[in-house]
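An overview of the molecular structure
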Amino acid sequence: GGEKTIRLLAKEFYKQMQKRKDTAPLLAIHRSPIGDSEQKLFEFLSGWLCGPQLYQQKYGHPALRARHMPFAIDQSMVDQWLTCMQQAIIKVIKKPEHQRVIFQAISTLANNMRNKD
């Protein structure tokens, strides 16, 4: 879907996080303005989905695990993040086979961010 689709995915992800009561703890660890986080997610997803390496060009290697270490990420946080991402993927990505592949890959990535039991 290209840049437009990736931008919509990042936007929808944060919409989901902001509208759901069950993801309030996840939203609470995101800095304001949320648009900054949305932009960084878009830039990261661009490179992760084989597009331009926008995040890396601006900030260097993503080093996701290290960047997320200051936050207590337990299974509940991972599940909240994945709930928002799954809903965003379903809303933005039209083909079910693409939804499955992207969600499976992003689930592995999200689970690797867990740093608390």
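Just above sits the structure.
These notes cover the structure that comes with them. Every value quoted in this text rests on a predicted model; they were computed, and no experiment measured them. (Residues numbered from 1 in each chain as written. Predicted model: local features only at pLDDT ≥ 70, side-chain atom pairs only at ≥ 80, totals over all residues. Heavy atoms only, no water.)

Along the protein chain, the regular secondary structure elements total seven helices and zero strands. For the protein chain, the succession of helices and strands along the chain, N to C, is α-α-α-α-α-α-α. Its C-alpha radius of gyration of 13 Å places the protein chain within 12% of the 13 Å reference for a compact globule of 117 residues. Its C-alpha atoms give the protein chain principal-axis dimensions of about 35 × 30 × 25 Å. Taking all 117 residues of the protein chain together, the buried fraction comes to 37%. (Helix = DSSP H or I, 4+ residues; strand = E, 2+ residues; numbered from the N terminus. Rg over C-alpha atoms; globule rule 2.2 N^0.38 Å. Buried < 20%, exposed > 50% of the residue type's maximum accessible area, 1.4 Å probe, protein only.)

Here we come to helix α6 (residues 75-92). With 18 residues, α6 extends 25 Å between its outermost C-alpha atoms, agreeing within 8% with the 26 Å of an ideal straight helix rising 1.5 Å per residue. The complete set of buried residues in α6 reads M77, V78, Q80, W81, L82, C84, M85, A88, I89 and V92. Those residues of α6 hidden inside the fold are in contact with α1 (2-19), α2 (24-28), α3 (34-48) and α7 (96-111). The backbone nitrogen of S76 has a side-chain oxygen 3.2 Å away, supplied by the residue at the start of α6, namely D74. (Expected span 1.5 Å × (residues − 1). Contact = heavy atoms within 4.5 Å. Polar contact = N/O pair within 3.5 Å; in protein donor to acceptor, adjacent residues only side chain to side chain.)

The subject of this paragraph is the pattern of salt bridges. A complete count under the given rule lists five salt bridges for this structure. As a salt-bridge pair, D22 and R20 come within 3.0 Å of each other at their nearest N and O atoms. What makes D22 partly exposed here is its relative accessible area of 43%. One salt bridge in this structure joins K58 and E43, with 2.7 Å as the shortest N-O distance. Taken together, the residues span a long stretch of sequence, with K58 in helix α4 (residues 54-59) and E43 in helix α3 at a distance of 15 residues. Residue K58 is classed as exposed on the basis of its relative accessible area of 53%. For E43, a relative accessible area of 3% gives the class buried. (Salt bridge = Lys/Arg side-chain N within 4 Å of Asp/Glu carboxyl O.)

Scanning the model with the defined rule gives three aromatic pairs in all. On the numbers, 4.8 Å between centres and 90° between planes, the contact of F13 with Y14 is edge-to-face. On the numbers, 5.1 Å between centres and 55° between planes, the contact of F13 with W81 is tilted. Of this pair, F13 sits in helix α1 while W81 sits in helix α6, placing them 68 residues apart in sequence. (Phe/Tyr/Trp six-rings, centres within 6.5 Å; stacked < 30°, edge-to-face > 60°.)

Once that is clear, we can look at the packing of α6 against α7. Here α6 crosses α7 at 160°, and the two axes come no closer than 10 Å. In terms of axis orientation, α6 runs roughly antiparallel to α7. As α6 runs across α7, the sense of the crossing is right-handed. Every residue of α7 that contacts α6 at Q75, V78, W81, L82, M85, Q86, I89 and I90 is listed here: Q99, I102, F103, I106, S107, A110 and N111. Split into classes, the residues belonging to the contact of α6 with α7 amount to 10 nonpolar, five polar and no charged. (Axes fitted to C-alpha atoms, helices over the stretch in contact; angles between N-to-C directions. Parallel < 35°, antiparallel > 145°, perpendicular 65-115°, else oblique. Left-handed = near helix turned anticlockwise from the far one by under 90°. Nonpolar A, V, L, I, M, F, W, Y, C, P; charged D, E, K, R; others polar.)

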